[in-house]
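Residue strings, one per chain:
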Amino acid sequence: MANDTLSKLEDAIVEMKADETEALTKEAMQAGVSALDILNGGLLTALERVGVLFRDGDYFLPDVLMCVKAYKNAYALLDSELKKGAYKSRGTVMLGTVHGDIHEIGKNILLALLQGNGYTVVDIGVDVQSAVFVEKAKEFKPDIIGMSALLTTSMPAMKEVVDLFVKDGSRDRYKIIVGGAPVSHAFAKEIGADGYGEDAQSGVELVGRLLAG
Ligand code: B12
């Protein structure tokens, strides 16, 4: 029954039925499915399918935007659940999507899970100029800085940010982590980042490990 609702929800996102996703999400929540399971088993699986349709030329950008709208209607109901957790800040994480890149869904999921796990999160947005990461770090004094990139063309900006911290002399004050579909462990190492998370849950675990020293 719950699985059936999740697969209907997945289909509704892929089929751009924004008006149906809210009701289906509520239905799954009422059936006792956790927000994280709805996210992983309905919303993210839908976006994966949308990605394949887009890559194969079956969907165009306006279609993807309609799917994202349908996704957002569902996600809005899960957001506050994902952020619920014991509060007493375990540390501050600053997150941003690098310059040239406006993809924000992954960053926002990581943000919600980090908040739900008791971290204070500062979101500096998308398409963030490299120098702005350094400026904002001085302002917010995070323990960890997380960068997201979804485009192979925006990945070099991650190295630019790390290099700017080195040039500024403040590299050792922060742990820097990276993520996003095209990013990898090897890339993180190559650019001098302190870690890579392949999904939001691994990101939360990575933050925990880095803060534990
Ligand atoms: C939705 C989407 C869009 C939306 C974005 C809406 C928004 N508000 O974010 C719109 C329509 C705007 C868009 C635009 C474009 N897109 Co687009 N988009 C996608 C799509 C379908 C889904 C991305 C997504 O949100 N995935 C779901 C999230 C949850 O996954 P995620 O971001 O990877 O995040 C997870 C992990 O990676 C990790 N994570 C992410 N960040 C971080 C950070 C840290 C620190 C850590 C630890 C972990 C972590 O945790 C997350 C949760 O598990 C992908 C295809 C795909 N399947 O990936 C294409 C895709 C990323 N887009 C692509 C392209 C080419 C574009 C455009 C250039 C298209 C165009 N011709 O204009 C533009 C670029 C605009 C720009 N300058 O950024 C390509 C990229 C190809 C490449 N390798 O470079 C893809 C792969 C599609 C494809 N198959 O060709 N896009």
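It should be emphasised that the depicted structure is a prediction, and the values quoted were computed from it without experimental measurement. (Residues numbered from 1 in each chain as written. Predicted model: local features only at pLDDT ≥ 70, side-chain atom pairs only at ≥ 80, totals over all residues. Heavy atoms only, no water.)

Student: An account of the domain arrangement of the chain is requested, with residue identities and associated values reported.
Tutor: Each domain of the chain was delimited in the assignment, giving domain 1 (2-83) and domain 2 (92-211). On a C-alpha basis, the centres of domain 1 and domain 2 stand 26 Å from each other. Tallying the contact residues gives eleven residues for domain 1 and nine residues for domain 2. Between domain 1 and domain 2 lies a buried interface of about 750 Å² when both sides are counted; carbon and sulfur atoms form 72% of it. In this structure, glutamate 104 engages lysine 72 in a salt bridge whose closest nitrogen and oxygen atoms are separated by 3.4 Å. (Domains from an automatic or database assignment. Contact = heavy atoms within 4.5 Å. Buried area = accessible area lost by both parts, 1.4 Å probe. Salt bridge = Lys/Arg side-chain N within 4 Å of Asp/Glu carboxyl O.)

Student: Describe the layout of surface pockets, with residues and values.
Tutor: The computed volume of the largest pocket comes to approximately 1600 Å³. When contributions to the lining of the largest pocket are tallied by element, the ones reaching two or more residues are α3 (35-55), α4 (61-83), β1 (92-97), α5 (105-116), β3 (144-148), β4 (175-179) and α9 (200-211). The biggest single contributor to the lining of the largest pocket is α3, with eleven residues. When residues of the lining of the largest pocket are assigned to domains, at least three fall in each of domain 1 (2-83) and domain 2 (92-211). (1 Å grid on protein atoms, 1.4 Å probe; cavity = no way out; pocket = protein on both sides within 12 Å on 5 of 7 lines; lining within 4 Å. Points joined across faces, edges and corners; volume = space filled by probe spheres on them. Helix = DSSP H or I, 4+ residues; strand = E, 2+ residues; numbered from the N terminus.)

Student: Lay out the site of the ligand with the relevant residues and their values.
Tutor: The immediate surroundings of the ligand are formed by 34 residues, with Ile102, His103, Glu104, Ser148 and Thr152 found nearest. A distance of 2.7 Å separates a nitrogen atom of the ligand from a polar side-chain atom of serine 148. In the environment of the ligand, an oxygen atom lies 2.9 Å from a nitrogen or oxygen atom belonging to the backbone of threonine 152. Looking at the shell around the ligand, the elements that each hand over two or more residues are α3, α4, α5, β3, β4 and α9. Element by element, the count of residues in the shell around the ligand is highest for α3, at five residues. For the shell around the ligand, a count of residues per class yields 18 nonpolar, eleven polar and five charged. (Near = heavy atom within 4 Å. Polar contact = N/O pair within 3.5 Å; in protein donor to acceptor, adjacent residues only side chain to side chain. Nonpolar A, V, L, I, M, F, W, Y, C, P; charged D, E, K, R; others polar.)

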